[in-house]
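Geometric and topological summary
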Amino acid sequence: MTKKIRVFSGIQPTGKLHVGNYTGALSTWVAQQDNFEGIYCVVDLHALTIPENVVPAKLNEKVWKAVSIYLAAGLDPKKSDIFIQSMVPEHSELAWILNCVTPMGWLNRMTQFKAKSANRENVGTGLFTYPTLMAADILLYDAEKVPAGDDQKQHIELTRDIAERFNTMFGKVFTIPEPMIGKAGARIMGLDDPSKKMSKSVGEVTLYHSIGIVDEPDLIAKSIKKAKTDLGPVVVYDAAGEGVRNLLNIYQAVTKETDDQVKEKFEGKGYGFLKKEVTEAVCEVLAPVRQRYLALMEDRAYLKSVVNKGAEHAHLLASKKVSQVRDALGISFSSPNLEKAFFLRKELLSKTR
Ligand code: AQP
């Protein structure tokens, strides 16, 4: 039997998960789950990087919603590990170590930091070092591929640079991962402003900005109806402006039709027809996900059993990797009471959750 390729990916529970998260990430995870050894987590520690947006009770709920969406989209916990990032403390430990080997100049170049820190008065250091936590997420598991949307390409390239730098300085510890970015659906833009990426946090507060993965079909239809199009009356495929291009892209990402098929279907057609077809195609894919999601949200015990199992395996892999890292750095000291401390912490957590 050939060894499966190990992949890691995650989504931040920062708002309303949208069709871009589905086409850019989730749908690839699901499509490849028989071929890959998948490790997928809800990256709640990343969601702390803009603390003004953190409302504890809401964050907790968003984490469970994201777990439900992973499962409702078709991830099978028998085939992939599904867990919550903060359940595995090695993510934070490795992130600190990687912060120490990452030059500030590398982080300064990150376009997502520039975009997310712009017009913000208080920018936490966590937002600046977000990419090193992401590098830790990936490198902890020796992931060979990282399926993600186009916006994460720069962070995955940085992860490769950090891993190579560490390996050169302290010996070969990390596998160098590769980005796995699809074509259609790797960058879905906002319906209300197609010059900007569709975003979870914007979608949560701005009606008709996004298509939520578990939005009601009526809301999806209304949002697409209100989507910005071009000035001309009909679709001109090769010269489509950003609004029409975005709708064509969404259609292609959910139907998997070829460029030629999409062109033939919409060339010279009015925007009303385009919007109707996009709505039907999106609802066909997302309506069953919504049904499964609603049922899963009623079964917290099952969700907990899934993430417990996923975290147990992830923790095993992560603790091995951190031991290697500590050995390489000469800091392999362990507290004699570590196991007892972990046990106590587990007890406390199970009482508070
Ligand atoms: N608009 C998008 N089109 C295609 N893929 C996208 N992804 C995100 N937005 C789009 C992909 O979804 C995965 C999870 O994203 P993330 O949680 O890491 O955060 P993000 O890229 O910062 O996503 P958002 O939606 O823009 O969140 P907020 O609003 O919280 O900042 C990744 O694979 C990402 O590429």
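Here the focus is the pattern of salt bridges. This structure, assessed with the given rule, holds 18 salt bridges. The salt bridge partner of Lys-62 is Glu-204, with a shortest N-O separation of 3.3 Å. One end of the pair, Lys-62, is in helix H2 (residues 56–72); the other, Glu-204, is in helix H9 (residues 200–205), with 142 residues separating them in the sequence. Here Glu-280 ties to Lys-276 by a salt bridge, and the two come within 3.7 Å at their closest N and O atoms. With a gap of 4 residues between them, Glu-280 and Lys-276 both fall in helix H13 (residues 271–296), about one helical turn apart. A single network of salt bridges, built from pairs that share partners, joins Lys-265, Lys-276, Glu-277 and Glu-280.

Ranked by internal contacts, the top residues of the largest apolar core, which has 60 residues, are Leu-26, Tyr-70, Ile-211, Ile-213 and Leu-248. Per-element tally for this core: the top contributor is H13, with 10 residues. In terms of domain composition, this core takes at least three residues from each of domain 1 (5–185 + 301–352) and domain 2 (200–296). Residues Leu-94, Leu-98, Leu-107 and Val-322 belong to the second largest nonpolar core, which totals 43 residues.

Counted residue by residue, strand E1 (residues 5–11) has 5 buried out of 7 residues, so it is predominantly covered. Note that E1 and strand E2 (residues 36–42) share 7 bridges and pair parallel. When the bridges of E2 are listed, Phe-8 appears paired with Ile-39. Once the chain exits E1 it traverses helix H1 (residues 19–31) before rejoining the sheet at E2, and the crossover so formed is right-handed.

Let us now look at helix H8 (residues 153–170). An α-helical segment advances 3.6 residues per turn. Residues three or four places apart therefore align on the same side. With 18 residues, H8 extends 26 Å between its outermost C-alpha atoms, agreeing within 8% with the 26 Å of an ideal straight helix rising 1.5 Å per residue. Buried within H8 we find His-155, Ile-156, Leu-158, Thr-159, Ile-162, Ala-163, Phe-166 and Asn-167. Following H8 by one or two positions, Gly-171 adopts a phi angle in the positive range, close to 105°.

Moving on: H1. Here H1 spans only 16 Å end to end across 13 residues, well under the 18 Å set by a 1.5 Å rise per residue. The sharpest bend along H1 comes to roughly 40°, located at Ala-25. Extensive coverage of H1 is indicated by the burial of 10 of its 13 residues. Looking at H1, one finds that the buried residues are Val-19, Gly-20, Asn-21, Tyr-22, Thr-23, Gly-24, Ala-25, Leu-26, Ser-27 and Trp-29.

Right, let's talk about the environment of Phe-170 for a bit. One can find Phe-170 in helix H8. Residues in contact with Phe-170, not counting those within four places in the same chain, are Val-101, Ala-328 and Leu-329.

To continue, consider the side chain of Ser-199. Inspection of the secondary structure puts Ser-199 in the loop between strand E5 (178–180) and H9. Side-chain polar atoms of Ser-199 contact the backbone nitrogen of Ser-201, separated by 3.3 Å. Contacts of Ser-199, omitting those with residues within four sequence positions, involve His-18 and His-209.

It is common to give the size of an interface as the accessible area lost on bringing the parts into contact. Under the domain assignment, the chain is made up of domain 1 (5–185 + 301–352) and domain 2 (200–296). Its C-alpha centre places domain 1 at a distance of 30 Å from the equivalent point of domain 2. Taken residue by residue, the interface counts 25 residues in domain 1 and 23 residues in domain 2. Summing both sides of the interface, domain 1 and domain 2 together bury roughly 2000 Å²; the carbon and sulfur share of this comes to 65%. By the criterion of area lost to domain 2, the three top residues of domain 1 are Lys-16, Val-19 and Ala-72, representing 32% of everything that side buries.

The rules behind each value
- Residues numbered from 1 in each chain as written.
- Predicted model: local features only at pLDDT ≥ 70, side-chain atom pairs only at ≥ 80, totals over all residues.
- Heavy atoms only, no water.
- Salt bridge = Lys/Arg side-chain N within 4 Å of Asp/Glu carboxyl O.
- Helix = DSSP H or I, 4+ residues; strand = E, 2+ residues; numbered from the N terminus.
- Core = buried A, V, L, I, M, F, W, Y, C linked by side-chain atoms within 4.5 Å.
- Buried < 20%, exposed > 50% of the residue type's maximum accessible area, 1.4 Å probe, protein only.
- Domains from an automatic or database assignment.
- Pairing = 2+ DSSP bridges.
- Right-handed = clockwise from strand over helix to strand, strands pointing away.
- Expected span 1.5 Å × (residues − 1).
- Bend = angle between axes of the 7 residues up to and from the residue.
- Contact = heavy atoms within 4.5 Å.
- Polar contact = N/O pair within 3.5 Å; in protein donor to acceptor, adjacent residues only side chain to side chain.
- Buried area = accessible area lost by both parts, 1.4 Å probe.

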